[in-house]
Amino acid sequence: LARFLPESSDAVQPDSPIHILGTVVEASAEATAEVQAYVRACLWFTYRQHFEPIPGTVFTSDAGWGCMMRSGQMILAQALLRLSAGGGGAGASLERREAATVALFADCLAAPYSLHRITLEGQAQGLPVGRWMGPASIAQVLVRLADRAREAAAGD
């Protein structure tokens, strides 16, 4: 791994712009505060406990094994939130759009991108519930769940 790292700190320029989720922040004395504010505005999902058991299991927490699933949820949620800002969601307040987006990820079987749905879809692909899921696996699971959500929306 060391061979891929820069040999000196010269490779990182302190006056280089910062790119974060498609937003560019120009280096300045205020850049740190601006980046911190941007990051704080992002949706954050983390381990939870005391949710309804995942069907067919006794799991009521994802502590210790749900990190990649929560990361996948955060990436998808942020993308959905950005998409809702354009088109039909443009008139809605940020708070309403955030609430509607977060509801899609609630820890219950009814939510289309819940931990419950993710683990059950993973299980259908041969991944045991309660085990860590890799990046490719979570991406494939979320694609399948998005396809189902799109089909359900088309059927309404």
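You'll find the structure just up there.
Residues numbered from 1 in each chain as written. Predicted model: local features only at pLDDT ≥ 70, side-chain atom pairs only at ≥ 80, totals over all residues. Heavy atoms only, no water.

Comments concerning the pattern of salt bridges
Link 1 in the chain: Taken as a whole, this structure holds 6 salt bridges when the rule is applied.
Link 2 in the chain: Residues Arg70 and Asp107 are paired through a salt bridge, measuring 3.0 Å at the closest nitrogen-oxygen approach. Separated by 37 residues along the polypeptide, Arg70 in helix α2 (residues 67-85) and Asp107 in the loop between α3 (94-103) and α4 (115-124) bring together distant segments of the chain.
Link 3 in the chain: The closest approach of N and O atoms between Asp147 and Arg150, which form a salt bridge, is 2.5 Å. (Salt bridge = Lys/Arg side-chain N within 4 Å of Asp/Glu carboxyl O. Helix = DSSP H or I, 4+ residues; strand = E, 2+ residues; numbered from the N terminus.)

Some details on the packing of aromatic side chains
Link 1 in the chain: Using the criterion set out here, one finds 3 aromatic pairs in the structure.
Link 2 in the chain: Residues Phe45 and Phe105 carry aromatic rings whose centres are separated by 5.2 Å and whose planes lie at 80° to one another, so their mutual orientation is edge-to-face. Of this pair, Phe45 sits in the loop between α1 (31-41) and α2 while Phe105 sits in the loop between α3 and α4, placing them 60 residues apart in sequence.
Link 3 in the chain: For Phe45, a relative accessible area of 12% gives the class buried.
Link 4 in the chain: For Phe105, a relative accessible area of 4% corresponds to the buried category.
Link 5 in the chain: In textbook terms, an aromatic cluster arises when at least three aromatic residues are bridged by ring pairs, as seen for Phe45, Phe105 and Tyr113. (Phe/Tyr/Trp six-rings, centres within 6.5 Å; stacked < 30°, edge-to-face > 60°. Buried < 20%, exposed > 50% of the residue type's maximum accessible area, 1.4 Å probe, protein only.)

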